[in-house]
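Fold and geometry: a report
Single-letter residue listing:
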Amino acid sequence: MSNPVAGLLMTWRGRVLPEWVDYNGHLRDAFYMLLFSYATDGLMDSIGLGESGRATTGHSLFTLEAHINYLKEVREGATVEVHTQILGCDSKRLRIYHSLYRSDAQLFLAGNEQMLVNVDMAGPFSTPFSPAVLECIQVLVSRHRSLPSPEHAGRHIALPGERHG
Amino acid sequence: MLAATLHCLVNAMVDTRQPDRLGTPLEGTGHVPWDPLAPIAAPLCLHQTLVKSAWVDYNGHMSESCYLLVFGDNSDAFFRFIGIDEEYRDSGGQSLYTVETHLHNLREVSDGEPLRLTLQLLDADEKRLHIFHAMYHGESGDLLATGEQMLVHVNMQAGRTVDMPADLFQRVMAIRAAHARLPVPRQVGHAIGIRRVAP
C-alpha cells in the first residue's frame with residue numbers, strides 16, 4: 001500500500017489526553033480543532049512564523065475559515081499525527097489541509113481545511129507575507145503541487161438534494 | 001490566531017469515572033420537557049456564557065478551538081431541548097454525532113466578554129440534522145463566529161446511522177417548520193477556496 005502521507009509535512013504528533021474525550025472516551029469534536037490548531041502552529045514554525053519569526057516580522061496567522069470532516073472516532077491515549085498539505089496561496093492568504101492519522105496504522109481519522117490570512121499584529125489588519133516567509137511557503141507549494149488533492153477539500157455541507165436561496 | 005497551550009480545563013465539571021474529562025455546562029441536567037403547544041423561537045436562543053480565562057490565548061483572545069467548544073455547548077442545549085440527554089443515550093444506546101463542521105471566524109473576543117448563541121435548523125431528515133450556530137457578542141450584538149454542522153443519529157453499539165424515533169423526529173420537524181421562514185445565513189454552504197494561486 002502506498003504511503004498516504006508521503007511528501008506531506010508532519011506538523012503535530014501526540015497523545016489524546018483524558019481531558020479531550022467525551023463520556024464515551026472518544027475525542028470531542030472541539031478538540032479535533034485543538035489538534036489542528038497545534039498543527040497550524042507547527043506549520044508556522046516551519047515557514048518562519050514561529051515565536052522568533054513573529055517577533056521579528058510583527059506578523060501572525062489568523063484562521064478565517066475551517067472545515068472539518070470527522071471520519072473515525074479517536075480514543076483516549078491514542079497516538080495521532082497531523083500531516084499538512086499546502087493547497088494554495090496568494091500574497092497574504094494560505095489555503096491548507098491538515099490530515100489526522102493514527103500513528104500506528106496510517107488510519108485516516110479526520111481532515112481539516114483552513115483558510116489563513118497573514119496579519120500585522122500592530123493593527124491587527126491583513127498584510128502581505130514578509131519576503132522570507134513567502135519564499136518558505138512557495139517552496140512548500142512547489143513541493144506539494146504534484147500531490148493529489150485531498151478527498152474532502154473544497155466541500156460544502158448539505159443534505160442530499162438540499163438547496164438554499 | 002495561535003492555539004494557546006491550554007486545554008480548556010478550568011470550570012470543568014468533574015466526572016467521577018473520568019476525573020480529567022471536561023463536561024458541558026448542562027451535563028446531568030436531563031432534557032427539557034417538550035410542550036407541543038409552545039411557540040418555537042426562530043432561531044433558538046438556548047445558550048449564553050462569558051469567555052472563560054482558560055479559553056484565551058497569550059494575546060487575551062479566545063482560541064479558535066474554544067469557539068467550537070462553545071458551539072458544542074450550544075448543541076448540547078439544543079439536544080436537551082429536543083429530548084436527548086444522558087438517559088436517552090444510556091438507555092437507548094443512541095446519540096447524535098457530528099460528521100462535518102464549517103467555521104467562520106469573524107471577530108476576536110476577549111476574556112470575560114459575554115457571548116450569546118443562536119441555533120437555526122437548516123434542514124433535517126430521519127437520520128440527519130443540518131444546523132447553524134451563530135455566536136454574538138452579548139452587549140454589542142456583533143457577529144463573532146458561525147458554525148455550520150451536519151449531525152447524524154447513530155446507534156452507538158452498532159456504529160451506524162439509524163432513524164430517529166418518531167417522537168424525536170416530530171419535534172425536529174416542528175422546529176424545521178418554525179425555522180423555514182428564516183433567511184439562510186450567508187455563510188451557509190460555503191466551500192473554502194482561493195481565487196488566485198501563486199505561480
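Scroll up a little and you will see the structure.
Figured I'd write up the structure that's included with this text. (Residues numbered from 1 in each chain as written. Chains lettered and ligands numbered in written order. Predicted model: local features only at pLDDT ≥ 70, side-chain atom pairs only at ≥ 80, totals over all residues. Heavy atoms only, no water.)

1. Quick look at the overall build of chain A
The secondary structure content of chain A amounts to three helices and six strands. In sequence order, the secondary structure elements of chain A are arranged as β-α-α-β-β-β-β-β-α. Rg of the C-alpha trace for chain A: 17 Å, near the compact-globule value of 15 Å for 165 residues, within the 12% margin. With respect to the principal axes defined by its C-alpha atoms, chain A has extents near 45 × 40 × 35 Å. Relative to its 165 residues, chain A shows a buried fraction of 57%. If you take every contact in chain A between residues at least 6 apart in sequence, the share linking residues at least 24 apart comes to 68%. When the accessible surface of chain A is totalled, it reaches about 7000 Å², and 50% of it is carbon and sulfur. (Helix = DSSP H or I, 4+ residues; strand = E, 2+ residues; numbered from the N terminus. Rg over C-alpha atoms; globule rule 2.2 N^0.38 Å. Buried < 20%, exposed > 50% of the residue type's maximum accessible area, 1.4 Å probe, protein only. Contact = heavy atoms within 4.5 Å. Areas by Shrake-Rupley, 256 points an atom, 1.4 Å probe, with all protein chains shown as cover.)

2. Details of the overall build of chain B
Of regular secondary structure, chain B possesses three helices and six strands. Secondary structure elements of chain B occur, N-terminal to C-terminal, as β-α-α-β-β-β-β-β-α. Residues classed as buried in chain B amount to 53% of the 199 residues present. Considering only intrachain contacts with a sequence separation of at least 6, the fraction spanning at least 24 residues in chain B is 71%. Summing over all exposed atoms, chain B offers an accessible surface of approximately 9000 Å²; the carbon and sulfur share of this is 52%.

3. Remarks on the interface of chain A and chain B
Counting residues at the interface gives 55 residues for chain A and 57 residues for chain B. Taken together, the two surfaces of chain A and chain B that pack against each other cover about 5000 Å², and 54% of this comes from carbon and sulfur. Salt-bridge contacts for Arg155 of chain A lead to Glu100 of chain B; the nearest nitrogen and oxygen are separated by 2.6 Å. For the side of chain A that touches chain B, the elements supplying multiple residues, two or more each, are helix 1 (29-46), strand 2 (59-70), strand 3 (79-89), strand 4 (93-102) and strand 5 (107-120) of chain A. Element by element, the count of residues in the side of chain A that touches chain B is highest for strand 2 of chain A, at 11 residues. Considering only residue class, the side of chain A that touches chain B consists of 26 nonpolar, 14 polar and 15 charged. Bridge analysis of strand 2 of chain A against strand 2 (residues 94-105) of chain B gives five bridges, and the strand direction is antiparallel. Residue pairing for strand 2 of chain B: Asn69 of chain A is matched across the bridge by Glu100 of chain B. (Buried area = accessible area lost by both parts, 1.4 Å probe. Salt bridge = Lys/Arg side-chain N within 4 Å of Asp/Glu carboxyl O. Nonpolar A, V, L, I, M, F, W, Y, C, P; charged D, E, K, R; others polar. Pairing = 2+ DSSP bridges.)

4. Focus: the packing of aromatic side chains
Residues and elements named next belong to chain A. Applying the stated criterion across every chain yields a total of six aromatic pairs over all chains. Ring centres 6.5 Å apart and planes at 50 degrees place the aromatic pair Trp12 and Trp20 in the tilted group. Note on accessibility: Trp12 and Trp20 belong to one class, buried. Considering the side-chain rings of Tyr101 and Phe108, the 5.3 Å spacing of their centres and the 40 degrees angle between planes classify their relative orientation as tilted. Taking the relative accessible area as the measure of exposure, Phe108 reaches 24% and is therefore partly exposed. In this structure an aromatic cluster arises from ring pairing among Trp12, Trp20 and Tyr38. (Phe/Tyr/Trp six-rings, centres within 6.5 Å; stacked < 30°, edge-to-face > 60°.)

5. Regarding unusual backbone geometry
Working note: non-glycine residues mostly have negative phi, and peptide bonds are mostly trans. For the bond from Gly123 of chain A to Pro124 of chain A, the omega torsion is -5 degrees, close enough to zero to count as cis. By the element assignment, Pro124 of chain A lies in the loop between strand 5 and strand 6 (125-126). With omega at -5 degrees, the peptide bond leading from Ala42 of chain B into Pro43 of chain B counts as cis. In this fold, Pro43 of chain B is placed in the segment before strand 1 (44-50).

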